[in-house]
Amino acid sequence: MEYSLILHSLHVVPSPHVKNKLFVFCIMLSLWVYMIYCCVGYCSTMPNLAYGSVNRAEGDADGDNRGSSLGASRDLLNNESDLDSRGDEWEETRADAKALGDNVMSSFLNESESKKLPQAIIIGVKKGGTRALLEFLRLHPDIRAVGAEPHFFDRNYDKGLEWYRELMPKSAEGQLTMEKTPSYYVTKEVPSRIYTMSKDTKLIVVVRDPVTRAISDYTQTRSKKPDIPSFESLTFKNASSGLIDTAWSAVQIGMYAKHLERWLQYFPMGQLLFVSGERLISDPAGEVARVQDFLGLRRVVTEEHFHFNPAKGFPCLKRPEANSKPHCLGKTKGRTHPNIDPEVVQRLRDFYKPFNSRFYQLTGHDFGWD
Ligand SMILES: Nc1ncnc2c1ncn2[C@@H]1O[C@H](COP(=O)(O)OS(=O)(=O)O)[C@@H](OP(=O)(O)O)[C@H]1O
(Lines give C-alpha, C1' and ligand atoms only; values in the text may rest on other atoms or scores of the structure.)
Protein backbone atom coordinates (compact mmCIF):
# COMPACT_ATOMS: atom_id res chain seq x y z
CA MET A 1 0.00 0.00 0.00
CA GLU A 2 2.77 2.42 1.09
CA TYR A 3 4.79 1.36 -1.91
CA SER A 4 1.98 2.22 -4.34
CA LEU A 5 1.45 5.60 -2.65
CA ILE A 6 5.11 6.52 -3.15
CA LEU A 7 4.93 5.45 -6.75
CA HIS A 8 1.87 7.55 -7.19
CA SER A 9 3.49 10.63 -5.67
CA LEU A 10 6.51 10.22 -7.93
CA HIS A 11 4.28 10.42 -10.95
CA VAL A 12 2.24 13.34 -9.78
CA VAL A 13 2.06 15.96 -12.51
CA PRO A 14 1.83 19.51 -11.10
CA SER A 15 -1.26 21.42 -12.05
CA PRO A 16 -0.88 24.34 -14.52
CA HIS A 17 -1.41 26.71 -11.60
CA VAL A 18 1.57 25.28 -9.68
CA LYS A 19 3.64 25.24 -12.89
CA ASN A 20 3.01 28.96 -13.42
CA LYS A 21 4.00 29.74 -9.84
CA LEU A 22 7.22 27.73 -10.21
CA PHE A 23 8.01 29.50 -13.47
CA VAL A 24 7.50 32.98 -11.95
CA PHE A 25 9.57 31.97 -8.91
CA CYS A 26 12.48 30.85 -11.12
CA ILE A 27 12.41 34.11 -13.09
CA MET A 28 12.35 36.17 -9.91
CA LEU A 29 15.27 34.18 -8.48
CA SER A 30 17.39 34.66 -11.62
CA LEU A 31 16.63 38.39 -11.68
CA TRP A 32 17.54 38.70 -8.03
CA VAL A 33 20.89 36.87 -8.47
CA TYR A 34 21.63 38.95 -11.59
CA MET A 35 20.96 42.22 -9.72
CA ILE A 36 23.32 41.27 -6.89
CA TYR A 37 26.14 40.50 -9.33
CA CYS A 38 25.43 43.74 -11.19
CA CYS A 39 25.75 45.77 -8.01
CA VAL A 40 29.03 44.13 -7.02
CA GLY A 41 30.42 44.43 -10.56
CA TYR A 42 29.46 48.09 -10.73
CA CYS A 43 31.19 48.83 -7.45
CA SER A 44 34.44 47.30 -8.67
CA THR A 45 34.52 49.49 -11.76
CA MET A 46 34.00 52.63 -9.71
CA PRO A 47 37.10 54.70 -9.05
CA ASN A 48 38.94 52.77 -6.37
CA LEU A 49 38.87 54.69 -3.11
CA ALA A 50 41.29 52.29 -1.48
CA TYR A 51 42.43 54.89 1.04
CA GLY A 52 40.10 53.61 3.70
CA SER A 53 41.55 50.14 3.66
CA VAL A 54 45.14 51.33 3.37
CA ASN A 55 44.56 53.71 6.20
CA ARG A 56 43.16 51.07 8.52
CA ALA A 57 45.80 48.53 7.65
CA GLU A 58 48.62 51.00 8.11
CA GLY A 59 47.63 51.52 11.68
CA ASP A 60 47.85 47.80 12.27
CA ALA A 61 51.02 47.31 10.29
CA ASP A 62 53.15 49.87 12.04
CA GLY A 63 56.01 48.03 13.65
CA ASP A 64 54.82 44.66 12.42
CA ASN A 65 56.49 43.10 9.42
CA ARG A 66 54.72 39.78 9.14
CA GLY A 67 52.81 38.67 6.12
CA SER A 68 54.89 39.70 3.13
CA SER A 69 53.19 37.84 0.33
CA LEU A 70 55.52 38.77 -2.46
CA GLY A 71 58.53 36.60 -1.90
CA ALA A 72 61.77 36.93 -0.01
CA SER A 73 63.11 40.42 0.51
CA ARG A 74 66.48 41.43 -0.89
CA ASP A 75 67.62 44.97 -1.13
CA LEU A 76 70.58 45.61 -3.36
CA LEU A 77 71.57 48.77 -1.56
CA ASN A 78 70.95 48.14 2.07
CA ASN A 79 69.33 45.35 4.04
CA GLU A 80 67.50 47.73 6.32
CA SER A 81 65.11 48.53 3.48
CA ASP A 82 63.92 44.92 3.45
CA LEU A 83 62.35 45.45 6.77
CA ASP A 84 60.86 48.78 5.74
CA SER A 85 59.20 47.62 2.59
CA ARG A 86 57.81 44.45 4.07
CA GLY A 87 55.70 46.55 6.42
CA ASP A 88 54.35 48.51 3.47
CA GLU A 89 53.69 45.42 1.39
CA TRP A 90 51.74 43.88 4.23
CA GLU A 91 49.41 46.81 4.57
CA GLU A 92 49.01 47.17 0.80
CA THR A 93 48.39 43.48 0.21
CA ARG A 94 45.34 43.70 2.44
CA ALA A 95 43.96 46.53 0.35
CA ASP A 96 44.64 44.33 -2.66
CA ALA A 97 42.81 41.36 -1.23
CA LYS A 98 39.65 43.46 -1.27
CA ALA A 99 40.35 44.62 -4.82
CA LEU A 100 40.90 41.01 -5.84
CA GLY A 101 37.47 40.05 -4.46
CA ASP A 102 35.89 42.88 -6.42
CA ASN A 103 37.74 41.81 -9.54
CA VAL A 104 36.48 38.25 -9.31
CA MET A 105 32.90 39.50 -9.18
CA SER A 106 33.23 42.07 -11.95
CA SER A 107 34.98 39.65 -14.28
CA PHE A 108 32.17 37.16 -13.66
CA LEU A 109 30.02 39.47 -15.73
CA ASN A 110 32.67 40.93 -17.97
CA GLU A 111 34.47 38.17 -19.80
CA SER A 112 36.33 40.73 -21.92
CA GLU A 113 38.46 41.84 -18.94
CA SER A 114 41.91 40.32 -18.69
CA LYS A 115 45.16 40.70 -16.77
CA LYS A 116 47.75 42.72 -18.65
CA LEU A 117 51.36 43.61 -18.05
CA PRO A 118 51.64 47.22 -16.85
CA GLN A 119 51.88 49.90 -19.49
CA ALA A 120 53.00 52.45 -16.89
CA ILE A 121 55.08 52.01 -13.73
CA ILE A 122 55.89 54.31 -10.82
CA ILE A 123 59.58 53.37 -10.52
CA GLY A 124 60.59 55.62 -7.62
CA VAL A 125 61.82 57.09 -5.53
CA LYS A 126 61.58 55.54 -2.10
CA LYS A 127 59.93 58.06 0.31
CA GLY A 128 59.21 60.42 -2.58
CA GLY A 129 55.41 60.23 -2.25
CA THR A 130 54.84 57.15 -4.45
CA ARG A 131 52.00 55.76 -2.34
CA ALA A 132 50.11 59.04 -2.42
CA LEU A 133 50.48 59.29 -6.20
CA LEU A 134 49.32 55.73 -6.81
CA GLU A 135 46.26 56.19 -4.57
CA PHE A 136 45.42 59.48 -6.32
CA LEU A 137 45.64 57.77 -9.71
CA ARG A 138 43.50 54.86 -8.58
CA LEU A 139 40.56 57.26 -8.51
CA HIS A 140 40.73 57.34 -12.30
CA PRO A 141 38.28 54.91 -13.93
CA ASP A 142 40.75 54.19 -16.74
CA ILE A 143 43.50 53.05 -14.37
CA ARG A 144 43.71 49.64 -12.74
CA ALA A 145 46.64 49.34 -10.36
CA VAL A 146 48.02 46.69 -8.08
CA GLY A 147 48.32 48.13 -4.56
CA ALA A 148 51.17 46.00 -3.20
CA GLU A 149 54.69 46.52 -4.48
CA PRO A 150 55.43 43.55 -6.78
CA HIS A 151 59.26 44.03 -6.76
CA PHE A 152 59.26 42.00 -9.96
CA PHE A 153 62.12 43.66 -11.80
CA ASP A 154 64.44 43.74 -8.79
CA ARG A 155 63.67 40.79 -6.51
CA ASN A 156 61.34 38.44 -8.37
CA TYR A 157 62.57 38.59 -11.95
CA ASP A 158 63.34 34.87 -12.07
CA LYS A 159 59.65 34.14 -11.48
CA GLY A 160 58.91 35.21 -15.05
CA LEU A 161 56.51 37.59 -16.78
CA GLU A 162 53.51 35.29 -16.35
CA TRP A 163 53.95 35.42 -12.59
CA TYR A 164 54.08 39.20 -12.86
CA ARG A 165 50.99 39.39 -15.07
CA GLU A 166 49.06 37.24 -12.61
CA LEU A 167 49.62 39.88 -9.89
CA MET A 168 47.86 42.54 -11.96
CA PRO A 169 44.17 43.34 -11.60
CA LYS A 170 41.93 42.56 -14.55
CA SER A 171 41.35 45.47 -16.86
CA ALA A 172 39.03 46.22 -19.75
CA GLU A 173 39.96 47.50 -23.19
CA GLY A 174 41.21 51.10 -22.88
CA GLN A 175 42.15 50.83 -19.19
CA LEU A 176 45.79 51.23 -18.15
CA THR A 177 47.45 48.73 -15.85
CA MET A 178 49.93 50.17 -13.33
CA GLU A 179 52.11 49.23 -10.40
CA LYS A 180 54.60 51.01 -8.14
CA THR A 181 57.87 49.72 -6.75
CA PRO A 182 60.11 52.61 -5.61
CA SER A 183 63.33 50.58 -5.52
CA TYR A 184 63.28 50.12 -9.32
CA TYR A 185 64.73 53.60 -9.88
CA VAL A 186 68.01 52.77 -8.15
CA THR A 187 68.44 49.12 -9.13
CA LYS A 188 71.01 48.64 -11.87
CA GLU A 189 69.34 45.73 -13.68
CA VAL A 190 65.86 47.23 -13.86
CA PRO A 191 66.02 49.58 -16.90
CA SER A 192 67.09 46.79 -19.29
CA ARG A 193 64.52 44.40 -17.82
CA ILE A 194 61.63 46.82 -18.25
CA TYR A 195 62.88 47.59 -21.75
CA THR A 196 62.83 43.85 -22.53
CA MET A 197 59.21 43.61 -21.33
CA SER A 198 58.18 46.63 -23.43
CA LYS A 199 60.25 49.50 -24.74
CA ASP A 200 57.05 51.61 -24.70
CA THR A 201 56.51 51.39 -20.92
CA LYS A 202 55.78 54.81 -19.43
CA LEU A 203 57.90 55.53 -16.38
CA ILE A 204 56.94 57.85 -13.55
CA VAL A 205 59.36 59.03 -10.86
CA VAL A 206 58.27 60.99 -7.80
CA VAL A 207 61.28 62.96 -6.60
CA ARG A 208 61.72 64.98 -3.45
CA ASP A 209 64.48 67.11 -1.93
CA PRO A 210 67.20 64.45 -1.47
CA VAL A 211 68.10 65.70 2.02
CA THR A 212 64.51 65.47 3.30
CA ARG A 213 64.16 62.16 1.48
CA ALA A 214 67.23 60.78 3.28
CA ILE A 215 65.85 61.90 6.65
CA SER A 216 62.47 60.36 5.81
CA ASP A 217 64.19 57.10 4.84
CA TYR A 218 66.13 57.10 8.11
CA THR A 219 62.95 57.90 10.09
CA GLN A 220 61.23 54.87 8.56
CA THR A 221 64.15 52.56 9.39
CA ARG A 222 64.36 53.90 12.94
CA SER A 223 60.65 53.30 13.47
CA LYS A 224 61.35 49.58 12.95
CA LYS A 225 64.83 49.45 14.51
CA PRO A 226 64.99 52.08 17.25
CA ASP A 227 68.57 51.15 18.18
CA ILE A 228 70.25 52.17 14.93
CA PRO A 229 73.02 54.82 15.12
CA SER A 230 72.17 58.49 14.70
CA PHE A 231 71.48 59.98 11.27
CA GLU A 232 74.53 62.20 11.74
CA SER A 233 76.91 59.29 12.31
CA LEU A 234 75.51 57.21 9.44
CA THR A 235 75.91 60.14 7.04
CA PHE A 236 79.71 60.09 7.26
CA LYS A 237 82.17 57.32 6.41
CA ASN A 238 83.83 57.95 9.75
CA ALA A 239 83.67 60.79 12.23
CA SER A 240 87.15 62.15 11.49
CA SER A 241 87.18 62.02 7.67
CA GLY A 242 84.01 64.04 7.26
CA LEU A 243 83.39 62.23 3.96
CA ILE A 244 79.78 61.53 3.06
CA ASP A 245 79.07 57.80 2.99
CA THR A 246 77.64 57.28 -0.49
CA ALA A 247 77.32 53.55 0.20
CA TRP A 248 74.53 54.27 2.70
CA SER A 249 71.34 53.78 0.75
CA ALA A 250 69.66 56.77 2.41
CA VAL A 251 72.34 58.96 0.81
CA GLN A 252 72.79 57.03 -2.43
CA ILE A 253 69.12 57.03 -3.51
CA GLY A 254 69.11 60.86 -3.59
CA MET A 255 71.85 61.04 -6.25
CA TYR A 256 69.03 61.19 -8.78
CA ALA A 257 71.12 62.24 -11.81
CA LYS A 258 73.44 59.25 -11.45
CA HIS A 259 70.52 56.82 -11.55
CA LEU A 260 68.77 58.72 -14.34
CA GLU A 261 71.77 58.35 -16.62
CA ARG A 262 71.33 54.57 -16.46
CA TRP A 263 67.64 54.86 -17.46
CA LEU A 264 68.50 57.12 -20.36
CA GLN A 265 70.63 54.37 -21.89
CA TYR A 266 67.37 52.52 -22.57
CA PHE A 267 64.52 55.05 -22.62
CA PRO A 268 64.17 58.48 -24.22
CA MET A 269 63.54 61.36 -21.83
CA GLY A 270 59.97 61.76 -23.17
CA GLN A 271 59.06 58.37 -21.75
CA LEU A 272 59.89 59.44 -18.20
CA LEU A 273 57.78 61.80 -16.13
CA PHE A 274 59.20 63.42 -13.01
CA VAL A 275 56.63 64.37 -10.40
CA SER A 276 57.61 66.81 -7.68
CA GLY A 277 57.05 65.24 -4.26
CA GLU A 278 56.76 68.74 -2.78
CA ARG A 279 54.09 69.85 -5.28
CA LEU A 280 52.24 66.58 -4.80
CA ILE A 281 51.57 67.91 -1.29
CA SER A 282 51.08 71.63 -2.07
CA ASP A 283 49.19 71.20 -5.36
CA PRO A 284 48.12 67.55 -5.76
CA ALA A 285 45.56 68.33 -8.48
CA GLY A 286 48.21 70.14 -10.57
CA GLU A 287 50.71 67.27 -10.36
CA VAL A 288 48.04 64.64 -11.01
CA ALA A 289 46.88 66.64 -14.06
CA ARG A 290 50.43 66.38 -15.48
CA VAL A 291 50.42 62.63 -14.84
CA GLN A 292 47.03 62.13 -16.51
CA ASP A 293 48.24 64.09 -19.55
CA PHE A 294 51.43 62.04 -19.68
CA LEU A 295 49.41 58.82 -19.58
CA GLY A 296 47.10 60.09 -22.32
CA LEU A 297 44.07 60.01 -20.03
CA ARG A 298 41.19 62.41 -19.53
CA ARG A 299 41.68 64.76 -16.58
CA VAL A 300 39.19 63.04 -14.30
CA VAL A 301 41.01 63.45 -10.98
CA THR A 302 40.83 67.16 -10.23
CA GLU A 303 40.84 69.77 -7.48
CA GLU A 304 37.50 68.58 -6.12
CA HIS A 305 39.01 65.17 -5.20
CA PHE A 306 41.40 66.67 -2.65
CA HIS A 307 40.93 68.09 0.78
CA PHE A 308 43.88 69.47 2.73
CA ASN A 309 43.85 68.12 6.28
CA PRO A 310 45.62 70.71 8.47
CA ALA A 311 46.07 68.29 11.39
CA LYS A 312 47.82 65.74 9.17
CA GLY A 313 49.53 68.42 7.06
CA PHE A 314 48.74 66.55 3.85
CA PRO A 315 46.05 66.42 1.20
CA CYS A 316 43.55 63.64 1.66
CA LEU A 317 41.18 62.16 -0.89
CA LYS A 318 37.49 62.71 -1.19
CA ARG A 319 34.83 61.50 -3.57
CA PRO A 320 32.90 64.58 -4.63
CA GLU A 321 29.88 62.56 -5.74
CA ALA A 322 29.50 60.79 -2.37
CA ASN A 323 29.28 63.08 0.63
CA SER A 324 31.78 60.93 2.48
CA LYS A 325 34.58 61.93 4.83
CA PRO A 326 38.00 62.52 3.16
CA HIS A 327 40.40 59.59 3.45
CA CYS A 328 44.02 60.22 4.42
CA LEU A 329 47.02 57.92 4.14
CA GLY A 330 47.88 56.14 7.38
CA LYS A 331 50.32 57.07 10.07
CA THR A 332 53.35 55.50 8.33
CA LYS A 333 53.05 58.27 5.73
CA GLY A 334 53.85 61.73 7.01
CA ARG A 335 55.89 60.73 10.04
CA THR A 336 57.49 63.37 12.25
CA HIS A 337 61.20 63.57 11.37
CA PRO A 338 63.89 63.83 14.06
CA ASN A 339 65.84 67.09 14.38
CA ILE A 340 69.12 66.71 12.55
CA ASP A 341 72.24 68.76 13.32
CA PRO A 342 71.96 71.77 10.93
CA GLU A 343 75.65 71.48 10.09
CA VAL A 344 75.14 67.93 8.86
CA VAL A 345 72.10 69.03 6.87
CA GLN A 346 74.22 71.75 5.26
CA ARG A 347 76.99 69.26 4.45
CA LEU A 348 74.43 67.08 2.72
CA ARG A 349 73.02 70.07 0.83
CA ASP A 350 76.50 70.87 -0.47
CA PHE A 351 77.07 67.23 -1.36
CA TYR A 352 73.85 67.01 -3.42
CA LYS A 353 74.27 70.34 -5.20
CA PRO A 354 76.15 69.04 -8.28
CA PHE A 355 73.85 66.01 -8.55
CA ASN A 356 70.80 68.28 -8.35
CA SER A 357 72.17 70.66 -11.01
CA ARG A 358 72.84 67.76 -13.35
CA PHE A 359 69.37 66.39 -12.63
CA TYR A 360 67.71 69.76 -13.43
CA GLN A 361 69.73 69.89 -16.63
CA LEU A 362 68.77 66.37 -17.74
CA THR A 363 65.07 66.76 -16.90
CA GLY A 364 64.85 70.40 -18.02
CA HIS A 365 63.16 71.25 -14.74
CA ASP A 366 64.40 73.10 -11.66
CA PHE A 367 62.87 71.39 -8.63
CA GLY A 368 64.07 74.19 -6.34
CA TRP A 369 65.89 72.12 -3.74
CA ASP A 370 69.00 74.33 -3.53
N1 LIG B 1 48.88 62.98 0.70
C2 LIG B 1 49.90 62.50 1.39
N3 LIG B 1 49.69 61.91 2.60
C4 LIG B 1 50.75 61.41 3.30
N5 LIG B 1 52.03 61.45 2.88
C6 LIG B 1 52.27 62.02 1.70
C7 LIG B 1 51.23 62.58 0.91
N8 LIG B 1 51.79 63.10 -0.21
C9 LIG B 1 53.10 62.89 -0.12
N10 LIG B 1 53.41 62.26 1.03
C11 LIG B 1 54.77 61.89 1.42
O12 LIG B 1 54.97 60.55 1.04
C13 LIG B 1 56.11 60.11 1.80
C14 LIG B 1 56.21 58.61 1.71
O15 LIG B 1 56.64 58.32 0.41
P16 LIG B 1 56.36 56.93 -0.30
O17 LIG B 1 54.92 56.63 -0.29
O18 LIG B 1 57.02 56.98 -1.62
O19 LIG B 1 57.12 55.93 0.67
S20 LIG B 1 57.56 54.43 0.36
O21 LIG B 1 58.81 54.49 -0.39
O22 LIG B 1 56.48 53.77 -0.38
O23 LIG B 1 57.77 53.84 1.71
C24 LIG B 1 55.85 60.66 3.17
O25 LIG B 1 57.11 60.87 3.78
P26 LIG B 1 57.28 61.20 5.34
O27 LIG B 1 56.64 62.54 5.55
O28 LIG B 1 58.73 61.26 5.59
O29 LIG B 1 56.59 60.11 6.10
C30 LIG B 1 55.09 61.96 2.90
O31 LIG B 1 55.85 63.12 3.11
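The protein chain has the name Sulfotransferase in an unreviewed UniProt entry, where Betta splendens is given as its organism. Here is the UniProt Sequence similarities (unreviewed entry) comment for the protein chain, exactly as written: "Belongs to the sulfotransferase 1 family."

1. As for the environment of Glu111
Within the element layout of this structure, Glu111 appears in the loop between helix 4 (80–109) and strand 1 (114–115). The spacing of Glu111 and Ala172 is 61 residues in sequence and 9.2 Å in space, taken between C-alpha atoms.

2. Here we look at the site of the ligand
In the vicinity of the ligand there are 24 residues, among which Thr130, Lys180, Ser216, Gly334 and His337 approach most closely. Within the backbone of Gly334, one N or O atom sits 2.7 Å away from an oxygen atom of the ligand. Between the ligand and the protein, one listed contact pairs an oxygen atom with a side-chain N or O atom of His337 at 2.6 Å. Calculation on the ligand without its partners gives an accessible area of 650 Å², and the protein chains cover 97% of this total. Within the residue set of the shell around the ligand, elements represented by two or more residues are helix 5 (130–137), helix 8 (210–224) and strand 9 (314–317).

3. Quick look at the UniProt feature "binding site: 3'-phosphoadenylyl sulfate" (unreviewed entry) in the protein chain
Here, UniProt's "binding site: 3'-phosphoadenylyl sulfate" (unreviewed entry) annotation points to Lys127, Gly128, Gly129, Thr130, Arg131, Arg208, Ser216, Lys333, Gly334, Arg335, Thr336 and His337. With respect to the element layout, Lys127 can be found in the loop between strand 2 (120–124) and helix 5. The exposure class assigned to Lys127 is buried, which follows from its relative accessible area of 13%. Not counting the four nearest positions on each side in its chain, Lys127 is found in contact with Arg208, Arg213, Ser216, Asp217, Gln220, Thr332, Lys333 and Arg335. In this structure, His337 sits in the loop between strand 9 and helix 14 (342–363). Not counting residues within four places of it along the chain, the set of residues in contact with His337 comprises Arg208, Thr212, Ile215, Ser216 and Thr219.

4. So, the pattern of salt bridges
The final tally for this structure, using the stated rule, is 15 salt bridges. With its nearest N and O atoms 2.8 Å apart, the salt bridge here joins Glu261 to Arg358. Placement of Glu261 in helix 11 (residues 256–264) and of Arg358 in helix 14 is noted, with a sequence separation of 97 residues between them. Overall, the relative accessible area of 34% leaves Arg358 in the partly exposed class. A single network of salt bridges, built from pairs that share partners, joins Arg279, Asp283, Glu287 and Arg290.

5. A look at the packing of aromatic side chains
Considering all chains together, one arrives at 25 aromatic pairs under this definition. Cluster of aromatic residues (ring-pair linked, three or more members): Phe152, Phe153, Tyr157, Trp163, Tyr164 and Tyr184. Looking at Lys159, its charged tip hangs above the ring of Trp163, at a distance of 5.2 Å from the centre. Over the ring of Phe294 we find Lys202; its NZ or CZ atom is 5.7 Å from the centre of that ring.

6. Here we look at the state of the cysteines
A complete count under the given rule lists one disulfide for this structure. Cys316 shares a disulfide with Cys328; S-S distance 2.0 Å. Its S-S torsion of about 100° marks the bond between Cys316 and Cys328 as right-handed, since a negative value means left-handed. Remark: Cys328 occurs in the loop between strand 9 and helix 14 and Cys316 occurs in strand 9; sequence separation between them is 12 residues. Each of the two residues, Cys316 as well as Cys328, counts as buried.

7. Some words on the nonpolar core
Generally speaking, nonpolar side chains in soluble globular proteins are found buried as a group. Membership of the largest hydrophobic core comes to 31 residues, with the highest contact counts inside it found for Ile123, Tyr185, Ile194 and Phe359. Examining the composition of this core, we find that four residues originate from one element, helix 11, more than from any other. For Tyr185, the residues in contact, after removing those within four places along its chain, are Ile123, Gly124, Val125, Val205, Tyr256, His259, Leu260, Arg262, Trp263, Phe274 and Phe359.

8. Focus on the pairing of strand 5 (residues 176–180)
A large share of strand 5 lies buried, amounting to five of its five residues. Pairing geometry for strand 2 and strand 5, over three bridges, is parallel. Bridge pairing in strand 5 links Ile121 to Glu179.

9. Examining the sheet that holds strand 6 (residues 202–207)
The five strands are arranged 3-5-2-6-7 in an open sheet whose pairing can be described as parallel. Lying at the two open borders of the sheet, with one neighbouring strand each, are strand 3 (143–145) and strand 7 (272–276). If you compare each strand with its neighbour and ignore which way they point, the axes differ by 25° on average. Strand direction decides the pairing type here: strand 6 and strand 7, joined by five bridges, are parallel. Residue pairing across strands places Val205 opposite Phe274, the latter belonging to strand 7.

Thresholds, definitions, all that
- Residues numbered from 1 in each chain as written.
- Predicted model: local features only at pLDDT ≥ 70, side-chain atom pairs only at ≥ 80, totals over all residues.
- Heavy atoms only, no water.
- UniProt positions renumbered as here; feature names shortened; annotations may be inferred.
- Helix = DSSP H or I, 4+ residues; strand = E, 2+ residues; numbered from the N terminus.
- Near = heavy atom within 4 Å.
- Polar contact = N/O pair within 3.5 Å; in protein donor to acceptor, adjacent residues only side chain to side chain.
- Areas by Shrake-Rupley, 256 points an atom, 1.4 Å probe, with all protein chains shown as cover.
- Buried < 20%, exposed > 50% of the residue type's maximum accessible area, 1.4 Å probe, protein only.
- Contact = heavy atoms within 4.5 Å.
- Salt bridge = Lys/Arg side-chain N within 4 Å of Asp/Glu carboxyl O.
- Phe/Tyr/Trp six-rings, centres within 6.5 Å; stacked < 30°, edge-to-face > 60°.
- Lys NZ or Arg CZ within 6 Å of the ring centre and 35° of its normal.
- Disulfide = S-S within 2.5 Å.
- Core = buried A, V, L, I, M, F, W, Y, C linked by side-chain atoms within 4.5 Å.
- Pairing = 2+ DSSP bridges.
- Axes fitted to C-alpha atoms, helices over the stretch in contact; angles between N-to-C directions.

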